[in-house]
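Residues per chain, in single letters:
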Amino acid sequence: MARKSTPKKRRTGGPQGSVVVIGLGRFGRALALELVDEDTEVLGIDENAEVVQAISGSLTHAVRADSTKEDALRQLGVHEFDRAVVAIGTDLEASILTASLLISFGIDNVWAKATSKAHGRILTQLGVHHVVYPEHDMGQRVAHLVRGRMLDYIEFEDDFAMVKTNPPADIIGLPLANSAVRTRYGITVVAIKRPGEGFTYATPETVVEADDTIIVAGRTRATERFSELQ
């Protein structure tokens, strides 16, 4: 194991609010870089020296280590973090062993990438707090965008979604209170964007114009039907 650097110490041993990301492939790298962009300190770990070298200048710390070895993780202070992400994809054994170690450390929030439902069930049974399916979730999201007139789409649990779309003709020029979108379509307009401006919260008095972009929320199928209106 070639150790490049160690995380700074905090009250429980690591930097306050920091995250350890294990596995720096496409998903792990994108996640780690986004965290850094949001001013979060990140310890990135991967077994591939070339991968670590390529990203070392972009993360707070980047380390080459075997994440299936408890001693290696303890030497890096991983057990002292309160948030960890297992972003290992193709090596299921390494993913499961790494997640098991993080759970045994008592880390408060462990996220793990799953490549299949079976993989996800095992991670859940181990005690992983958050299992994500990035390829599956992205596939679903793109399918919704391809199928309709939506500009963007986010689906949450319990059949609830938010959609960015253009307003249909029958609500243009009316205050939202008078358009009765909630009664007629089962959705709520939550934000609106004028050309050249940023998004602002929508109010009952907001008048929707033809060039506006709106964000609506509601049941998944209701938001889809609304985005398909002309």
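See the structure above.
Here the residue numbering is sequential within each chain, running from 1 through the sequence in written order. Only residues with pLDDT of at least 70 get local features here, since the model is predicted, and only at 80 or more are side-chain atom pairs given and counted; chain-wide, interface and lining totals rely on the full set of residues. Calculation of side-chain values draws on the structure's entire complement of heavy atoms; hydrogens and water are dropped beforehand.

Put simply, DSSP H or I for four residues or longer makes a helix, DSSP E for two residues or longer makes a strand, and each gets a number counted from the N terminus. Broken down by element type, the protein chain carries nine helices and eleven strands. For every residue, the accessible area obtained with a 1.4 Å probe (protein chains only) is divided by the maximum for its type, and the residue is called buried under 20%, exposed over 50%, and partly exposed between those limits. The buried share of the protein chain, reckoned over its 230 residues, is 40%. Partitioning the intrachain contacts of the protein chain with sequence separation of at least 6 by distance along the chain shows that 55% fall at a separation of at least 24. Should any heavy atoms of two residues lie within 4.5 Å, those residues are counted as being in contact.

We define a salt bridge as a contact between a side-chain nitrogen of Lys or Arg and a carboxyl oxygen of Asp or Glu at a distance within 4 Å. The final tally for this structure, using the stated rule, is five salt bridges. Ionic pairing is found between R194 and D212, a salt bridge with its closest N-O pair at 2.3 Å. Pair noted here: R194 is in the loop between β9 (187-193) and β10 (199-201) and D212 is in the loop between β10 and β11 (213-219), with a separation of 18 residues, a long-range link. Given the relative accessible area of 27%, R194 is considered partly exposed. One salt bridge in this structure joins E224 and R221, with 3.0 Å as the shortest N-O distance. Of this pair, E224 and R221 are both found in helix α9 (residues 220-227), three residues apart, which corresponds to roughly one turn of the helix. Through salt bridges with shared partners, a single network forms among R221, E224 and E228.

Between any two strands, at least two bridges found by DSSP are needed for them to pair. Strand order in the open sheet formed by five strands is β7-β8-β11-β9-β10, with antiparallel pairing between adjacent strands. The open sheet terminates on both sides in strands that have one partner only, identified here as β7 (152-156) and β10. The sheet shows a mean angle of 25° between the axes of neighbouring strands, direction not considered. As judged from the three bridges shared by β9 and β10, these two strands associate in the antiparallel manner. Counterpart to K193 in the pairing with β10 is F199. Taken strand by strand, α9 contacts β7, β8 (160-165), β9 and β11, and its axis lies near 145° from that of β11. Convention adopted: a line fitted to C-alpha atoms gives each axis, helices being fitted over their contacting stretch, and angles between N-to-C directions are expressed from 0 to 180 degrees.

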